[in-house]
Amino acid sequence: RKSFNKDERAMIQILAHASKDEVEHIKETYLRIRHRTLESDILKEFSGKERKFFLGLINAPRSHVDVAAAQDFIDRDVKELYIAGPGRGWSSDISAFIKIITKHDNEYLTALNVAYGRKYGDSLVRAVEKQFSNNVLGKGMGAMILD
């Protein structure tokens, strides 16, 4: 039995930049090669916030939304992210960040980053960096937003 060999940086580089179809292909290939699911190895090797983040990366729909028609959703998500992060002070609600950032495609996240910057004077990427400093979550979410 081969070890999972969790390399968070490599996983982020691959999964954060992958489309929904690419993630499905990765999961299928992983199962074929390892004879177990990527999800089962994530559940075994990670805990807490990191587990939630990586499960979000592989299971979230990354749905495409027409950004021009989705301004109300973007505004709602901007407000929710602010309340979950800088609006809370030191105790961030990581679940809100994971839920919103992992479920959307790159176009939506770019629009979200711009809208957040317009409303709060700092980009969403910068807010994530401040809230989650130098850990794997901050790097992963930042990579997804900047893709």
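Before reading on, note that the structure itself is shown above.
Residues numbered from 1 in each chain as written. Predicted model: local features only at pLDDT ≥ 70, side-chain atom pairs only at ≥ 80, totals over all residues. Heavy atoms only, no water.

J.: What exactly am I supposed to notice about the pattern of salt bridges here?
T.: It is possible for side chains of opposite charge to pair when their charged atoms get near one another. This structure, assessed with the given rule, holds six salt bridges. Between Glu24 and Lys27 there is a salt bridge whose closest N-O contact spans 3.4 Å. Of this pair, Glu24 and Lys27 both sit in helix α2 (residues 20-34), three residues apart, which is roughly one turn of the helix. In this structure Lys27 comes out as partly exposed when scored by relative accessible area, which is 22%. Ionic pairing is found between Asp41 and Arg36, a salt bridge with its closest N-O pair at 2.8 Å. What makes Arg36 buried here is its relative accessible area of 12%. (Salt bridge = Lys/Arg side-chain N within 4 Å of Asp/Glu carboxyl O. Helix = DSSP H or I, 4+ residues; strand = E, 2+ residues; numbered from the N terminus. Buried < 20%, exposed > 50% of the residue type's maximum accessible area, 1.4 Å probe, protein only.)

J.: Help me understand the packing of aromatic side chains in this model?
T.: Any aromatic ring pair is given by two values, namely how distant the centres are and how the planes are angled relative to each other. As enumerated under the stated definition, the model contains four aromatic pairs in all. Between Phe53 and Phe54, the aromatic rings sit 5.4 Å apart at their centres with planes inclined by 65°, giving edge-to-face as the arrangement. Relative accessible area serves as the criterion here: at 0%, Phe53 is assigned to the buried category. The interplanar angle of 10° and the centroid separation of 4.0 Å between the aromatic rings of Tyr82 and Tyr120 together place this pair among those described as stacked. You can see Tyr82 sitting in helix α5 (residues 71-84) and its partner Tyr120 sitting in helix α7 (residues 106-120), a full 38 residues away along the chain. (Phe/Tyr/Trp six-rings, centres within 6.5 Å; stacked < 30°, edge-to-face > 60°.)

J.: For this particular structure, what's the right way to read the environment of Gly117?
T.: Within the secondary structure, Gly117 is located in helix α7. Along the chain, Gly117 and Thr29 lie 88 residues apart, while their C-alpha atoms are 38 Å from each other. If we skip the residues at most four places from it in the chain, Gly117 touches Asp122 and Ser123. (Contact = heavy atoms within 4.5 Å.)

J.: I'm lost on α5 in this one. Help?
T.: Since one α-helical turn is 3.6 residues long, residues separated by three or four positions face the same way. Taking 1.5 Å as the rise per residue, α5 with 14 residues should run 20 Å; its terminal C-alpha atoms sit 20 Å apart, in good agreement. Every buried residue of α5 is accounted for by Ile74, Asp77, Val78, Leu81 and Ala84. Viewed along the axis of α5, the buried residues span an arc of 135°, placing them on a single side of the element. Here the buried face of α5 lies against α6 (94-103), α7 and α8 (124-132). (Expected span 1.5 Å × (residues − 1). Arc of directions from axis to C-beta.)

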